[in-house]
Amino acid sequence: MKYAFNKDILLFIKVLIMQLTEDENINRQFIVFIFTVSFIYFTILLTTQIPSMKRNSDMLYSNALIPISELNKADQIYHLKLKNTLALFQSSEITSTQAILEMDNSLLSLEKIWQNYKNNFSYDEINYLEYALSEIYQLNKKYKAIQKKIETNKQIEPLSLTDLKKDSANIDLIIQKLISDELEIAKNKREKFIDSFNLFRTKIIIVLSVLVFSTLLYFSVKYKLLFHLSRKKVLLTNTKPKEVEYKDSLTSLYTRRYFNLIFNKKLENAKKNKEYIALIMIDIDYFKEYNNCYGYTQGDKTLLLMAEILKKLTNKKNDFIFRFNGEAFVILSTKTNEMKSLALTNKILQSVKEKQIDHNRSDIDTVLTVSVGMAYCKASAKTTQYSLISQADKMLVKAKENGRNRSAITKGK
């Protein structure tokens, strides 16, 4: 148990230690006086700590509600975010890009919740927990499969959605059982704590008297060393968690997952400062045919070259480059303006073509080209991340429909 010493008492003990360790002929009556005063002080301190311990027991109970909160959060993601996203997509109220982005965020949150629950919370029924996590994994896998179909523009079969509803209902029952069990576990922990507290209260006076007498009679420099070591241990525990890096393993560009984290933050900053923000989508033309013709090794080299081109053309401080998937790249440009944004798209088209990378399978040229779609605006309250993504995506599609090797640009709201 840790006692909260005030500074005056610490100073008093320090002087006492120095005197006891330096003067071997100190009077026995003085020692008796010191440990008597100390005994009274510790007894008073103990009585003041009892209400605090009771409060701590209640805190212990309330802290047990943390896993319950996480379980409720997971339940809401399944029943609100994922289900609503699919419904909105099927009714064409959101685009496939928006649906994929929302499902990405939801599945990432669920992955963190279940990993954290498995690692940090003790659940008594191990077999049931393994079963629950297995069922949850299968449901998440089905959501990812549907997300993949949306991404590749494949039709979602009604049977898949029916199975998904059944599995979601089953997961709801599983989560409710976990919540019920967590409440029971919390209740049992609190009862055990109260029992141990009552036993502690009956024995503490005897134990305390022994500790005070032995401590005062055999005080030494070891106590000071122990005090300093304990303090050092507490200071060493204040370590900062490592920051998670979101970098593509091939190009070292930011990944789509990092885009999901930073986009909204940069958009809010642009709104606050009334600045321009631009979202540029770049897609290598006929890249599948390029890989088939020259091989995937050469394809990877070309992706690396694309990454270098984009790095040279952008501002390291205000522009963020992402590799979305395969041959698709995205640039999030902040603190920009209309002229800079337009100029950047033209430079991208020119720089790629100037590299004169052979592409004999291209239907529009003998060298490698790209298509660019851009949406830009002066950020306002009406501007949303979904509107910019949707507009940039539409511009990329328009550029391809117009013959590729060109850009399509729109000014958002």
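All figures in this text were calculated on a predicted structure; none of them were measured in a lab.

On average, residues of the chain carry a pLDDT of 76, and 69% of them reach 70 or more. Across residues 1–6, where pLDDT falls below 50, the model places eight contacts with residues more than four positions away in sequence or in other chains. Here residues 237–244 scores under 50 on pLDDT; set against residues more than four positions off or in separate chains, the count is zero contacts.

With that out of the way, let us pick up helix 10 (residues 296–313). If you check helix 10, its first and last C-alpha atoms are 26 Å apart, about what 18 residues at 1.5 Å a residue would give, namely 26 Å. Three or more residues of helix 10 are buried, namely Gly299, Thr302, Leu303, Met306, Ala307, Ile309 and Leu310. Within helix 10, the buried residues cover an arc of 160° as seen down the axis, which keeps them to one side. The exposed residues of helix 10 that point more than 90 degrees off its buried face are Thr297, Lys301 and Lys312. Those residues of helix 10 that are buried are in contact with strand 2 (276–284), helix 9 (287–294), strand 3 (319–325), strand 4 (328–336), helix 11 (338–354) and strand 5 (370–378).

The next point concerns the pattern of salt bridges. What the rule picks out here adds up to eight salt bridges. Its salt-bridge partner being Lys311, residue Glu308 comes within 3.7 Å of it at the nearest N-O pair. Taken as a pair, Glu308 and Lys311 lie in helix 10 at a separation of three residues, close to a single helical turn. Using a relative accessible area of 40% as the deciding quantity, one classes Glu308 as partly exposed. The exposure class of Lys311 is partly exposed, given its relative accessible area of 30%.

Here we take up unusual backbone geometry. Phi at Lys274 takes a positive value of approximately 55°, unusual for a residue other than glycine. Its location among the elements puts Lys274 in the loop between helix 8 (256–273) and strand 2. Phi is positive for Gln356, close to 55°, though the residue is something other than glycine. Mapped onto the elements, Gln356 comes out in the loop between helix 11 and strand 5.

This part is about the packing of helix 10 against helix 11. A pair of packed helices can be characterised by two numbers: the angle between their axes and the separation between those axes. Running from N to C, helix 10 and helix 11 cross one another at 140°; their axes reach a closest spacing of 10 Å. Here helix 10 and helix 11 pass one another in a crossing that is right-handed. Between helix 10 and helix 11, the residues in contact are Met306, Ile309, Leu310 and Leu313 and Leu344, Lys347, Ile348, Ser351 and Val352, respectively. Its residues assigned to classes, the contact of helix 10 with helix 11 comprises seven nonpolar, one polar and one charged.

What follows deals with the packing of aromatic side chains. Per the stated rule, a full pass over the model turns up eleven aromatic pairs. Every member of this aromatic cluster is reached through a ring pair, and the members are Tyr246, Tyr254, Tyr258, Phe259, Phe263, Phe320, Phe322 and Phe324. The residue whose ring lies beneath Arg256 is Phe324, and the NZ or CZ to ring-centre distance is 4.9 Å. Lying over the aromatic face of Tyr286, Arg404 brings its terminal NZ or CZ to 4.3 Å of the ring centre.

Reading the values: rules and limits
Residues numbered from 1 in each chain as written. Predicted model: local features only at pLDDT ≥ 70, side-chain atom pairs only at ≥ 80, totals over all residues. Heavy atoms only, no water. pLDDT = per-residue confidence, 0-100. Contact = heavy atoms within 4.5 Å. Helix = DSSP H or I, 4+ residues; strand = E, 2+ residues; numbered from the N terminus. Expected span 1.5 Å × (residues − 1). Buried < 20%, exposed > 50% of the residue type's maximum accessible area, 1.4 Å probe, protein only. Arc of directions from axis to C-beta. Salt bridge = Lys/Arg side-chain N within 4 Å of Asp/Glu carboxyl O. Axes fitted to C-alpha atoms, helices over the stretch in contact; angles between N-to-C directions. Left-handed = near helix turned anticlockwise from the far one by under 90°. Nonpolar A, V, L, I, M, F, W, Y, C, P; charged D, E, K, R; others polar. Phe/Tyr/Trp six-rings, centres within 6.5 Å; stacked < 30°, edge-to-face > 60°. Lys NZ or Arg CZ within 6 Å of the ring centre and 35° of its normal.

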